[in-house]
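Each chain is listed here by its residues.
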Amino acid sequence: SMAFYKCKTLESIVIPDHIKSIGTNAFSECSALASVSLPNTITYLNSSLFSNCTALRTFTIPDNITSIYGSVFESCSSLSEINIPSSVTSIGKYAFRYCNSLKSITIPNSITQLRSSMFMQCLSLTTIMMHSGITQIQGTVMSNCYSLKALTIPDSVTLIGTSAFDVCCGIKSVVIPSGITSIKS
């Protein structure tokens, strides 16, 4: 882990096909990193893998990825576009926290939980598409997402965690389904 941690001049990386895993924080704080190519042999994105990579604007998650661990893209302040494939079944807490340029996100049907602070303080986030299959929206998941305008919570959701949408000042409309059994304080 931390193989290229704080390599401030690293601009691009191509990981060869024989690599099966990448350690935690491997590219964390590589502030010039703008281009990443991952092989199909990697099945998960490890914790804090690209955190604080402030030049990273777009990222394509390969179709073979099944898990995105916590804080993978945390504080990637220029990240404005990311596509999560349906192969992903788990996204860790803080995964996209402080991604201030992220404007919209679509959560695939394969995800059942939105974990704590997953999109916290994504200041430009205006749209989040959640599909049926999500059963839990944990605490502070979208806290301080000022630009979020509307929110439709899928019928499959039964729990909304503490402060899940606090300080989302821009929300003008919320649809809460009848299946909700708990909204935490």
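Please refer to the structure placed before this passage.
This section reports on the structure supplied with the text.

Overview of the packing of aromatic side chains
Phase 1 of the analysis: Applying the stated rule across the entire model yields eight aromatic pairs.
Phase 2 of the analysis: A ring pair is formed by F59 and F73, whose centres lie 5.0 Å apart and whose planes are at 65 degrees; its orientation type is edge-to-face. With F59 in strand β4 (residues 58–60) and F73 in the loop between β5 (67–68) and β6 (81–83), this pair connects stretches of sequence that are 14 residues apart. F73 carries the same exposure label as F59, and that label is buried.
Phase 3 of the analysis: Ring centres of F96 and F119 lie 5.4 Å apart, and the angle between their planes is 5 degrees; this geometry places the pair in the stacked category. Here F96 is found in the loop between β7 (90–91) and β8 (104–106), whereas its partner F119 is found in the loop between β9 (113–114) and β10 (127–129), with 23 residues between them in sequence. Neither F96 nor F119 differs from the other in exposure class; each is buried.
Phase 4 of the analysis: An aromatic cluster is defined as three or more aromatic residues linked by ring pairs; in this entry it consists of F4, F27, F50, F59, F73, F96 and F119.

Let's talk about the sheet that holds strand β11 (residues 136–137)
Phase 1 of the analysis: In spatial order, the strands read β9-β11-β13-β15; together these four strands make up an open sheet with parallel pairing. The open sheet is flanked by β9 and β15 (182–183), the only strands paired with a single partner.
Phase 2 of the analysis: As judged from the two bridges shared by β9 and β11, these two strands associate in the parallel manner. If you follow L114 over to β11, its bridge partner there is I137.

Re the sheet that holds strand β3 (residues 44–45)
Phase 1 of the analysis: Strand order in this open sheet of three strands is β3-β5-β7, and the pairing throughout is parallel. Bordering the open sheet on either side are β3 and β7, each of which pairs with just one other strand.
Phase 2 of the analysis: Taken together, the two bridges between β5 and β7 define a ladder with parallel strand orientation. In the strand pairing of β7, S67 is matched with S90.

Thoughts on the pattern of salt bridges
Phase 1 of the analysis: Inspection of the entire model under this criterion finds two salt bridges.
Phase 2 of the analysis: Between E29 and K6 there is a salt bridge; the shortest N-O distance is 3.9 Å. You can see E29 sitting in the loop between β1 (12–14) and β2 (35–37) and its partner K6 sitting in the segment before β1, a full 23 residues away along the chain.
Phase 3 of the analysis: Given a relative accessible area of 21%, E29 falls into the partly exposed group.

Some remarks on the environment of I13
Phase 1 of the analysis: In this fold, I13 is placed in strand β1.
Phase 2 of the analysis: Residues I13 and Y98, 85 residues apart in the sequence, show an inter-C-alpha distance of 23 Å.
Phase 3 of the analysis: Not counting the four nearest positions on each side in its chain, I13 is found in contact with F27, L33, S35, V36 and S37.

Here we look at the state of the cysteines
Phase 1 of the analysis: Scanning all chains against the criterion turns up zero disulfides.
Phase 2 of the analysis: Cysteine C7 shares no disulfide, and the gap to the nearest cysteine sulfur, in C30, comes to 5.1 Å.
Phase 3 of the analysis: What makes C7 partly exposed here is its relative accessible area of 30%.
Phase 4 of the analysis: Left without a disulfide partner, C145 is nearest to the cysteine sulfur of C168, which lies 5.0 Å away.

Rules of the game
Residues numbered from 1 in each chain as written. Predicted model: local features only at pLDDT ≥ 70, side-chain atom pairs only at ≥ 80, totals over all residues. Heavy atoms only, no water. Phe/Tyr/Trp six-rings, centres within 6.5 Å; stacked < 30°, edge-to-face > 60°. Helix = DSSP H or I, 4+ residues; strand = E, 2+ residues; numbered from the N terminus. Buried < 20%, exposed > 50% of the residue type's maximum accessible area, 1.4 Å probe, protein only. Pairing = 2+ DSSP bridges. Salt bridge = Lys/Arg side-chain N within 4 Å of Asp/Glu carboxyl O. Contact = heavy atoms within 4.5 Å. Disulfide = S-S within 2.5 Å.

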